[in-house]
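What follows is each chain in one-letter form.
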Amino acid sequence: MYSQALNTASTPADTSEVATRFQIRIDAEERIEPNDAMPDAYRRTLIRQISQHAHSELIGMLPEGNWITRAPSLRRKAALLAKVQDEGGHGLYLYAAAETLGVSREELVDQLLTGRAKYSTIFNYPTLTWADIGAIGWLVDGAAIMNQIPLCRCSYGPYARAMIRICKEESFHQRQGYEIMLTLCRGTDEQKAMAQDALNRWWWPCLMMFGPPDRQSPHTDSSTRWKIKRFTNDALRQKFVDATVPQGLHLGLRFPDPELRCEDGHWVFGTIDWDEFRRVLAGDGPCNRERLAARRKAHDDGAWVREAAQVWAAKQTPGRKAA
Ligand code: BYC
C-alpha cells in the first residue's frame, strides 16, 4: 500500500555528513518517512526487524490455529478465531511497512519459506492442551505487548503507526488468555493442574522472547541510538517479569523457578537456558520443521488465489499483464 508512493530515484550514498544530519533528526525525535534520506544500515536494520516480526506473526497463527476446532465453547471458538485472524492482519501490516523500505513482499515471503529468515523462537513449541491457549494469550501476548508498546514510538513512521493498532489488538489477546487461565484455575483440580502445566512449559521460552542478554545483543546499541529500540532486551524482560509474577500468584499458580524472589520491588529470576534458545533459533526446536512445512503448504495451497487476484487486477488496468 505504501510502496506506490515511494521515490524510485537513487538515494545519496552514505557519507558521514548524511549520517550526522540523520542522527540530528533522530535526536530531535523527528519521524523518518519512506522517502527521507537514511543510512543504509538503518534501512537494513529495519527490514531485518520488521520482517522477522511479520514472519513471527504468521507462524504464530499455527500453534493456536490448531485449537480452533477444539475450543471448549462457541464463545471461546469465536474469540480464538478473531485472535488468529488478527495475527494474520498484523503480519500483513508489517510486510507493508517493510515494503516501504524498498524490499518486495515476494522476497520477504521467499526468505521465510526457504528457511533463510528468522522468526520468534516462541512459536516452535507445541500446544498440547487447551490451557496452552490461555498461557499463550497471557504470557506470549503479554511479553509481546511489553516489547511492542515502545515500538509505537519507533523513529520509523510506517512501523510506529502499524504498531499502534497491533498493540491495541494484542491487549485484547492478553486479556482473553488471562481469562482462560482464571477460569481453569477456579475450576476442578484437573483444570488447575492443566493451567500449572502450561505455565511450567511456557514460562522460560517466554523470557527468551526478549532476545539475548544485553551484553550478547549485537544490535541493541545501534538500534537504541536510532530510536528503533527504546529499551534494552534485559530491561523489557525485567518489566515483563515484574508485571506477570503478581498475575500468576493471583491465579494461585507456582512459577517453575526456585530462585524467583522479590528484592527491592523487583522479581529476581533464575538463569535462562540460552543453549536452548540457540538450538531453537538454529532450527532444532520441538516444532521448527512442522511449522515451516505448514507455512509452505498454506503458501502452495493459496497459489490459485494469488493468480486469480493478479488476473483480476490486470483486467482493471488496461495494458497491464498478470505477472
Ligand atoms: N526469536 O541483537 P538482538 C509476537 C535474534 S511476534 C528469534 O537482541 P534485536 C506475537 C535477532 O533477530 C514476536 N530470534 O536483536 C505474534 C538477532 O538475529 P539476526 C516477535 C531472536 O533485533 C503472534 C539476534 O537474535 N516480536 O509477539 O535488536 C501472537 C541478536 O539479537 C529472538 C518481534 O519481532 C527471538 N526471541 O532485538 C502472539 C518484535 N530474539 O537478525 C505474539 C520486534 C533475538 O542478527 N522485534 N533474536 O540474525 C524486536 O523487538 C527485536 O527484534 C528483538 C531482538 C527484541 C526480538
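Note that the structure is a prediction, hence the values are computed from the model and not measured. For every chain, the first residue of its written sequence is number 1, and the numbers climb from 1 along that sequence. Totals for whole chains, interfaces and linings use all residues, but because this is a predicted model, local features are given only for residues with pLDDT of at least 70 and pairs of side-chain atoms are given and counted only at 80 or more. For side-chain calculations, the full set of non-hydrogen atoms in the structure is used, while hydrogens and water are omitted.

Caption draft 1: A look at the pattern of salt bridges. Just to be clear on terms, a salt bridge is a Lys or Arg side-chain nitrogen sitting within 4 Å of an Asp or Glu carboxyl oxygen. Applying the stated rule across the entire model yields 22 salt bridges. Here Glu64 ties to Lys83 by a salt bridge, and the two come within 2.6 Å at their closest N and O atoms. Here Lys83 lies in helix 3 (residues 74-99) and Glu64 lies in helix 2 (residues 40-65), a separation of 19 residues in the sequence. In terms of burial, Glu64 and Lys83 fall into one category: buried. Between Arg201 and Asp197 there is a salt bridge, and its shortest N-O distance comes to 3.1 Å. Linking Arg201 with Asp197, this pair stays in helix 7 (residues 189-208), spanning four residues, or about one helical turn. With a 1.4 Å probe rolled over the protein chains alone, any residue whose accessible area is under 20% of its type maximum counts as buried; one over 50% counts as exposed, and the rest are partly exposed. Classification of Arg201 as partly exposed rests on a relative accessible area of 25%. In the salt-bridge network here, residues are joined through shared partners; they are Glu64, Lys83, Glu87 and Asp141. By the criteria applied, helices consist of DSSP H or I runs no shorter than four residues and strands consist of E runs no shorter than two, each listed in order from the N terminus.

Caption draft 2: Broad picture of helix 4 (residues 105-113). Turning to helix 4, its buried residues number three or more, namely Leu108, Val109, Leu112 and Leu113. Mapping the buried residues of helix 4 onto a view down its axis gives an arc of 130°, with all of them on the same face. Residues are treated as being in contact if the distance between any of their heavy atoms lies within 4.5 Å. Buried positions along helix 4 lie against helix 2, helix 3 and helix 11 (288-301). Gly115 sits one or two positions beyond helix 4 and adopts a positive phi of about 75°. An arc is given here, and it is the one of the directions from the helix axis to the C-beta atoms.

Caption draft 3: Fine view of the site of the ligand. Lining the immediate environment of the ligand, one finds 31 residues, of which Gln52, Lys118, His219, Lys229 and Asn233 sit closest. Between a nitrogen atom of the ligand and a main-chain N or O atom of Thr121, the distance comes to 3.0 Å. Gln148 has a polar side-chain atom sitting 3.4 Å from an oxygen atom of the ligand. Here the open area of atoms and residues is found with the Shrake-Rupley method and a 1.4 Å probe, where only the protein chains shown may cover a residue. For the ligand, the accessible surface in isolation is 1000 Å², of which the surrounding protein chains cover 91%. Of all the cavities here, the one that holds the ligand is the largest pocket. Listing elements by their share of the shell around the ligand, those giving two or more residues are helix 2, helix 5 (130-148) and helix 10 (274-284). Following the grouping adopted for this structure description, the nonpolar residues are Ala, Val, Leu, Ile, Met, Phe, Trp, Tyr, Cys and Pro, the charged ones are Asp, Glu, Lys and Arg, and the polar ones are all others, Gly among them. When its residues are assigned to classes, the shell around the ligand shows 13 nonpolar, twelve polar and six charged. Note on terminology: near, applied to a residue and a molecule or strand, indicates that one of the residue's heavy atoms is within 4 Å of it. Definition of a polar contact: a pair of N or O atoms within 3.5 Å, with one able to donate and the other able to accept a hydrogen when the atoms are protein atoms, and with sequence-neighbouring residues admitted only if both atoms are side-chain atoms. Residues are said to line a cavity or pocket when one of their atoms sits within 4 Å of a point; the points come from a 1 Å grid over protein atoms alone, cavities being sets where a 1.4 Å probe fits but cannot get out and pockets being open sets with protein on both sides within 12 Å along at least five of seven lines. For a cavity or pocket, the test is whether more than half of a molecule's atoms lie within 2 Å of its grid points; if they do, the molecule sits there.

Caption draft 4: Summary view of the layout of surface pockets. Grid points are joined across faces, edges and corners, and a volume is the space filled by probe spheres set on the points. The volume enclosed by the largest pocket comes to roughly 1100 Å³. Considering the residues around the largest pocket, the lining is formed by 48 residues, among which Gln52, Ser120, Met209, Phe210 and Gly211 are closest to the centre. At the level of elements, helix 2, helix 3, helix 5, helix 6 (157-185), helix 8 (220-225), helix 9 (233-251) and helix 10 are the ones that each hand at least two residues to the lining of the largest pocket. The leading source of residues in the lining of the largest pocket is helix 2, at eight residues. Here the residues of the lining of the largest pocket sort into 21 nonpolar, 16 polar and eleven charged.

Caption draft 5: Region of the structure containing the packing of aromatic side chains. Paired rings are identified among Phe, Tyr and Trp, the last through its six-membered ring, by centres lying within 6.5 Å, and are further divided according to the angle between planes into stacked (under 30 degrees), edge-to-face (over 60) and tilted (the rest). Under the definition given, this model contains ten aromatic pairs. With centroids separated by 5.7 Å and ring planes inclined at 90°, the aromatic side chains of Tyr42 and Trp226 adopt a geometry described as edge-to-face. Of this pair, Tyr42 sits in helix 2 while Trp226 is found in the loop between helix 8 and helix 9, placing the two residues 184 residues apart along the sequence. A relative accessible area of 0% means that Tyr42 is categorised as buried.

Caption draft 6: Spotlight on the nonpolar core. Residues belong to one nonpolar core when they are buried, are Ala, Val, Leu, Ile, Met, Phe, Trp, Tyr or Cys, and are joined through side-chain atoms within 4.5 Å. Core analysis: the largest hydrophobic core is formed by 83 residues, its most contacted members being Tyr42, Tyr156 and Trp203. Among the elements that line this core, the one with the most residues is helix 6, at twelve residues.

Caption draft 7: Just unusual backbone geometry, in detail. We note that Glu29 has phi near 65°; this positive angle belongs to a residue other than glycine. Looking at where Glu29 falls in the secondary structure, it is placed in the loop between helix 1 (16-27) and helix 2. The exposure class assigned to Glu29 is partly exposed, which follows from its relative accessible area of 47%. One non-glycine residue, Lys227, lies in positive phi territory at about 60°.

Caption draft 8: Layout of the packing of helix 11 against helix 12 (residues 303-316). A fitted line through C-alpha atoms serves as each axis, taken over the contacting stretch for helices, and the angle formed by two N-to-C directions is quoted from 0 to 180°. Closest axis-to-axis distance for the helix 11/helix 12 pair is 4 Å, and the angle between their directions is 40°. Overall, the two elements helix 11 and helix 12 adopt an arrangement that is oblique. Only Ala303, Trp304 and Arg306 of helix 12 make contact with helix 11, whose side of the interface consists of His299, Asp300 and Asp301. When grouped by side-chain class, the residues that make up the contact of helix 11 with helix 12 number two nonpolar, one polar and three charged. An angle counts as roughly parallel when it lies under 35 degrees, as roughly antiparallel when it exceeds 145, as roughly perpendicular when it falls between 65 and 115, and as oblique in every other case.

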